[in-house]
Amino acid sequence: MSTLLSACGTPKEAGEPRPIARLMALGGPMNDPARAKRGVDALHALGFEVDNLSVLARRHSRFAGTIAERAADLNALADPAEAMPELIVATRGGYGAIQVLEHLDFDRLCPRLISSGTVLMGYSDNTAAQLALLTRGGVVSWSGPMLYGDFAAQPTSAFTMNWLRQALAAGRFSLRVDAPQKAAATRLHGTLWGGNLTVLTSLVGTPWLPALSDGILFIEDVGEDVYKADRMLEQLRQAGILSRQRAILFGHFSGQRQDGYDPDGYTMDRLIERVAAQTGVPAFTGLPIGHVADIVPLPIGGQGELIADVDGFTLNVSGAPALKRLPVAWIEPTAASSL
């Protein structure tokens, strides 16, 4: 059963200005205006005023704007005269965030994000920017729901929204995953980090990948067959990244196909067992993250305590940014569904 802690803070009085949710579109465009509008409407229903709406129709080639336009979604906030939003929400993934990284004003942007308490959230392709912000300026962000895929879903996942409210209201929570594990019982602490495996692997050899030696690495992916996941994990292993971690948490690897080369079935379970044996790092499965409807936000750069046994594990999350001003519509979250 997923365990939610009580959210800190109380709803604001009616009549106060709504907290601002600023959109950032670092990757692919939004080709369906009705779907994009549903996402905006969902943020409104949660109690946010939505800013930077021009990104909804922005497009250049296969991207949500030119590199300069996409970089400006964040760089505009490096200006001390610019008001800081309470929340920055990624519109969608796709591809393109890595193009933007060398154009971001990290030296001014990161201190402003931290001092203002602005919460940044996204996943998938946005993993590139989130890991770069952590590496260059110590900005902790949330791997969590996005406008086009999650807020615009029909129906929007109550599971995801409950966990979102808990995460952003409190900056901490306790998650229990009941799924049989092959790793030995353990209790450990570490820095939570990770995101999309493909995007993370693409940062190896660049200045944007954190050099963490005490990490609890969490990963997920979509449409990457088992042998492709194997290739990426092998690159991370041979680069020495996996062996430096304290644990590896596997989320959903959805949309995989069997290629027919292994008649016995070349599965993620077999791959995970091999990675754990090769690295000596305990690996755990069943984490509710990925390109699926029901996800739990996780902080990239926050702190985690992992308590595991053969029946599952508990992940205690802390050290993550919380909203400094809660929407009026937010009340204490109800318990989330069982995992």
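The coordinates are above.
Q: I'm lost on the packing of helix α4 (residues 106-116) against helix α5 (residues 127-137) in this one. Help?
A: Between two packed helices, the angle of one axis relative to the other and the distance separating the axes together describe the packing. At a closest axis distance of 10 Å, the pairing of α4 and α5 adopts a crossing angle of 95 degrees. Put simply, α4 runs roughly perpendicular to α5. Across the interface between the two elements, Phe106, Asp107, Leu109, Cys110, Leu113 and Ile114 of α4 pack against Ala132, Leu133, Arg136 and Gly137 of α5. Within the contact of α4 with α5, the residues separate by chemical class into seven nonpolar, one polar and two charged.

Q: Looking at this model, I keep getting lost on empty space enclosed by the protein. Mind explaining?
A: One water molecule sets the probe size; rolling that probe over the atoms shows where empty space is left. Under the definition given, this model contains two cavities of 30 Å³ or more. A breakdown of the residues in the lining of the largest cavity according to their chemical character gives five nonpolar, four polar and one charged. Quantified by volume, the second largest cavity comes out at close to 50 Å³. The wall of the second largest cavity is formed by Asp225, Val226, Tyr227, Arg257, Gln258, Asp259 and Tyr266. When its residues are assigned to classes, the lining of the second largest cavity shows three nonpolar, one polar and three charged.

Q: Quick question: what am I supposed to make of helix α7 (residues 158-170) here?
A: An α-helical turn contains 3.6 residues, so any two residues separated by three or four positions project in the same direction. In a regular helix each residue adds 1.5 Å, so 13 residues correspond to 18 Å; α7 covers 18 Å between its end C-alpha atoms and thus fits that length. Of all the 13 residues making up α7, 12 are buried; the element is thus mostly covered by neighbouring parts of the structure. Where α7 is concerned, the buried positions are Phe159, Thr160, Met161, Asn162, Trp163, Leu164, Arg165, Gln166, Ala167, Leu168, Ala169 and Ala170. In this fold, the buried residues of α7 make contact with β3 (87-90), β4 (119-122), β5 (141-143), α6 (147-151) and β6 (173-178). A side-chain oxygen of the first residue of α7 lies 3.3 Å from the backbone nitrogen of Phe159; this N-cap is Ser157.

Q: What am I meant to see in the packing of aromatic side chains here?
A: For any pair of aromatic rings, geometry is given as the distance between the ring centres together with the angle between the planes. Inspection of the entire model under this criterion finds eight aromatic pairs. Relative to Phe173, the ring of Trp142 has its centre 6.3 Å away and its plane inclined at 25 degrees; by these criteria the two rings are stacked. Here Trp142, found in strand β5, pairs with Phe173, found in strand β6; they are 31 residues apart in sequence, far enough to count as distant. The class of Trp142 is buried, set by a relative accessible area of 0%. Following the ring pairs from residue to residue traces out a cluster consisting of Trp142, Phe159, Trp163 and Phe173. In this structure, Arg35 is placed above the aromatic ring of Tyr148, and the distance from its NZ or CZ to the ring centre is 4.0 Å.

Q: Can you help me understand α5 in this one?
A: Taking burial as the measure, the 11 residues of α5 include eight buried ones, the bulk of the element. Along α5, the residues that are buried comprise Thr127, Ala128, Ala129, Gln130, Leu131, Ala132, Leu133 and Leu134. With its phi angle positive at about 70 degrees, Gly138 sits one or two positions after the end of α5.

Parameters and conventions
- Residues numbered from 1 in each chain as written.
- Predicted model: local features only at pLDDT ≥ 70, side-chain atom pairs only at ≥ 80, totals over all residues.
- Heavy atoms only, no water.
- Axes fitted to C-alpha atoms, helices over the stretch in contact; angles between N-to-C directions.
- Helix = DSSP H or I, 4+ residues; strand = E, 2+ residues; numbered from the N terminus.
- Parallel < 35°, antiparallel > 145°, perpendicular 65-115°, else oblique.
- Contact = heavy atoms within 4.5 Å.
- Nonpolar A, V, L, I, M, F, W, Y, C, P; charged D, E, K, R; others polar.
- 1 Å grid on protein atoms, 1.4 Å probe; cavity = no way out; pocket = protein on both sides within 12 Å on 5 of 7 lines; lining within 4 Å.
- Points joined across faces, edges and corners; volume = space filled by probe spheres on them.
- Expected span 1.5 Å × (residues − 1).
- Buried < 20%, exposed > 50% of the residue type's maximum accessible area, 1.4 Å probe, protein only.
- Polar contact = N/O pair within 3.5 Å; in protein donor to acceptor, adjacent residues only side chain to side chain.
- Phe/Tyr/Trp six-rings, centres within 6.5 Å; stacked < 30°, edge-to-face > 60°.
- Lys NZ or Arg CZ within 6 Å of the ring centre and 35° of its normal.

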